[in-house]
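# Fold and contact review
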Amino acid sequence: MKAAPSPDEIRRRNLAVLLRHVHVSGPLSRAELAERMGLNRSTILALTTDLAAAGLVREELPGQTGKAGRPSLVVRPESDRVYVLALDVGADRLAVARVGLGGAILDRCEMPRDTGTFDPDEVIAELARMTESMMDAAHKGAVCVGVGLAFCGMVRERDGVVRYGPNIGWVDVPVGALLSERLGVPVAVGNNANLGAIAERERGVGTGVRDLIYLHGEVGIGGGVIMGGELLGGEGGYGGEVGHMIVNPGGRACRCGSRGCLEAEAGELALIAAAGRSDLTGRAAVAAIVDAAARGDADARDALHQVGDWLGYGVANLVNVFNPTMVVFGGVLREIYLAAAAQVRSRLAVNGLLAVRERVRLRTSALADDAPLVGAAELAFAELLTDPLQTLARAQTPDLRASTE
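Report on the accompanying structure. Not measured: the values here are computed from a predicted model. (Residues numbered from 1 in each chain as written. Predicted model: local features only at pLDDT ≥ 70, side-chain atom pairs only at ≥ 80, totals over all residues. Heavy atoms only, no water.)

What follows covers the environment of Gly-220. With respect to the helices and strands, Gly-220 occurs in the loop between strand 12 (212-217) and strand 13 (221-227). In this structure, the C-alpha to C-alpha distance between Gly-220 and Pro-166, residues 54 residues apart in sequence, is 8.8 Å. Other than its neighbours up to four places away in sequence, Gly-220 contacts Asn-167 and Glu-263. (Helix = DSSP H or I, 4+ residues; strand = E, 2+ residues; numbered from the N terminus. Contact = heavy atoms within 4.5 Å.)

Now the structure itself:
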């Protein structure tokens, strides 16, 4: 028979639950917290007092409520004082953000890169440089409580090893360990589409949706699948590689070695090739094609129609298999979907089963290009939101900046 939790364990768990409510939902009154957690106000008072003493939250009088009686104090996250570093290695850029408790992006920088093979040592060095610059921007006394990295490839969950990143040429690169060694703190690593899915459910267009598929497009296409409120990782954590679902057997060659993959037929490179635009690459090319189509360019419109049709095949397959409430298009797929929504919806209407397609909502990302960064921040906050006081105490010593010198 399992022993009952001790008072210390109950307190630690309640501190974590309360902090998560404030982190995800923003400022909440003590009365709202008591109702959400099913605790009395004196217990909420004790919990908020502990978190405020640690510098994780602050309490303020609310604005005009229009209600009689003494107003309940509002609990706010200390966003400027407690933060994480969120990193994103995409197929065409590196990005770093400083994200405060509560999810606010306090600072952000991005470095575009030509598509192709990335040297791991160069990437680690550049991320470390960007990270140091970001930390220098934090005010004195601010505490970094975690580092999370979103990566455009297959990431092994247990140790942050990139098993395969076909669009940048990485195989079995221990990026988590390499970056941890450079920074002197653990770095949590996740697939960018999986983290984008988490971000959209927590802070984007999918807030409150328990069954959601997020499709992220860069050079390739990745997917994050959330069912019943839980991310589907699979054995090893490689689930969601929907970009390598075959939609056109014998079709265009894919960098993974197969042919007719979703990303080969509906991704950025497929659109550029179909439109015959050799003058531009990457996101700039996608934007130019979408703009040209809007102005009546026949080649651009035909290219978007073709790519939208293949994207529709992929969406229909996913909707038939997973029966999601929502499919979210992020990265460059956001722009592609907006310009080719009619083709995607038409293909879904033809190939999606009525029972599963009739209520599914197709939406574009509310977080746009920042979805993987926001997801990486949530990954970095995970330890703090499990054990706030102990995690904060560990983060305050040693100083992260001293370890990078």
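Of the voids in this model, the largest pocket is the one considered here, and its volume is about 520 Å³. Along the walls of the largest pocket sit 23 residues, with Glu-157, Leu-195, Ile-198, Leu-231 and Leu-379 positioned nearest its centre. Contributions of two or more residues to the lining of the largest pocket are made by strand 11 (188-191), helix 6 (192-203), strand 14 (230-231) and helix 13 (371-381). No other element matches the five residues that helix 6 contributes to the lining of the largest pocket. (1 Å grid on protein atoms, 1.4 Å probe; cavity = no way out; pocket = protein on both sides within 12 Å on 5 of 7 lines; lining within 4 Å. Points joined across faces, edges and corners; volume = space filled by probe spheres on them.)

This next bit is on empty space enclosed by the protein. On inspection of all chains with the given rule, the structure shows one cavity of 30 Å³ or more. Looking at the largest cavity, its volume works out to about 210 Å³. Residue lining of the largest cavity: 17 residues in total, with Cys-152, Gly-153, Asn-167, Ile-221 and Glu-263 positioned closest to the centre.

Another point: the side chain of Glu-265. Note on placement: Glu-265 falls in helix 7 (residues 262-266). Although Glu-265 lies buried, it forms no salt bridge, and the closest oppositely charged side chain, Arg-252, sits 4.9 Å away as judged by the N-O distance. Of the polar contacts made by the side chain of Glu-265, one reaches the backbone nitrogen of Arg-252; its length is 2.7 Å. In this structure Glu-265 touches Val-247, Asn-248, Gly-251, Arg-252, Gly-260, Ala-270, Val-307 and Trp-310, once residues within four positions along its chain are discounted. (Buried < 20%, exposed > 50% of the residue type's maximum accessible area, 1.4 Å probe, protein only. Lys, Arg positive; Asp, Glu negative; His and termini not counted. Salt bridge = Lys/Arg side-chain N within 4 Å of Asp/Glu carboxyl O. Polar contact = N/O pair within 3.5 Å; in protein donor to acceptor, adjacent residues only side chain to side chain.)

On to the packing of aromatic side chains, then. Going through the model one piece at a time under the given rule, you end up with three aromatic pairs. Ring centres 5.0 Å apart and planes at 25° place the aromatic pair Phe-151 and Trp-170 in the stacked group. Remark: Trp-170 occurs in strand 10 (residues 170-173) and Phe-151 occurs in strand 7 (residues 143-151); sequence separation between them is 19 residues. Across this residue pair, the class does not change: Phe-151 and Trp-170 are buried. One cation-aromatic arrangement involves Arg-98 over Tyr-83; the distance from NZ or CZ to the ring centre is 5.4 Å. (Phe/Tyr/Trp six-rings, centres within 6.5 Å; stacked < 30°, edge-to-face > 60°. Lys NZ or Arg CZ within 6 Å of the ring centre and 35° of its normal.)

Bringing the sheet that holds strand 10 into the picture now. The strands that make up a sheet pair up through hydrogen bonds in the backbone, lying either parallel or antiparallel. With respect to topology, three strands assemble into an open sheet ordered 8-9-10, the strand pairing being antiparallel. Edge positions in the sheet fall to strand 8 (154-156) and strand 10, since each of these pairs with one other strand and no more. Across the sheet, the axes of successive neighbouring strands diverge by a mean angle of 20°, strand direction being ignored. Judged from the three bridges that link them, strand 9 (residues 161-165) and strand 10 form a sheet pairing that is antiparallel. Within strand 10, the position partnered with Gly-165 by the bridge is Trp-170. (Pairing = 2+ DSSP bridges. Axes fitted to C-alpha atoms, helices over the stretch in contact; angles between N-to-C directions.)

Moving on to the sheet that holds strand 15 (residues 326-331). Spatially, the five strands line up as an open sheet ordered 14-13-12-15-16, and their pairing is mixed. One side of each edge strand has no neighbouring strand; the edge strands of this open sheet are strand 14 and strand 16 (361-364). As judged from the six bridges shared by strand 12 and strand 13, these two strands associate in the antiparallel manner. When the bridges of strand 13 are listed, Tyr-214 appears paired with Gly-224.

Another point: the nonpolar core. Buried together is how nonpolar side chains tend to be arranged in soluble globular proteins. Of all hydrophobic cores here, the largest spans 41 residues; its most connected members are Leu-215, Leu-271, Leu-311, Val-315, Val-327, Phe-329 and Leu-362. For this core, the secondary structure elements donating two or more residues are strand 12, strand 13, helix 7, helix 8 (268-275), helix 9 (282-294), helix 10 (298-322), strand 15 and helix 11 (332-351). Residue contributions to this core peak at ten residues, all from helix 10. Dropping the residues within four chain positions of it, Leu-271 is found in contact with Val-286, Ile-289, Ala-303, Leu-304, Val-307 and Ile-336. (Core = buried A, V, L, I, M, F, W, Y, C linked by side-chain atoms within 4.5 Å.)

This part takes up the pattern of salt bridges. With the rule as written, the count across this model stands at 22 salt bridges. Residue Arg-283 is joined to Asp-369 by a salt bridge in which the shortest nitrogen-to-oxygen separation is 2.9 Å. With a gap of 86 residues between them, Arg-283 in helix 9 and Asp-369 in the loop between strand 16 and helix 13 connect regions that are remote in the sequence. On the basis of relative accessible area, Asp-369 is assigned to the partly exposed category, the value being 29%. One salt bridge in this structure joins Glu-383 and Arg-394, with 2.5 Å as the shortest N-O distance.

The next subject is helix 4 (residues 120-136). Here helix 4 spans 24 Å end to end across 17 residues, near enough to the 24 Å set by a 1.5 Å rise per residue. The N-cap of helix 4, judged by a side-chain oxygen 3.1 Å from the amide nitrogen of Asp-121 a few residues on, is Asp-119. (Expected span 1.5 Å × (residues − 1).)

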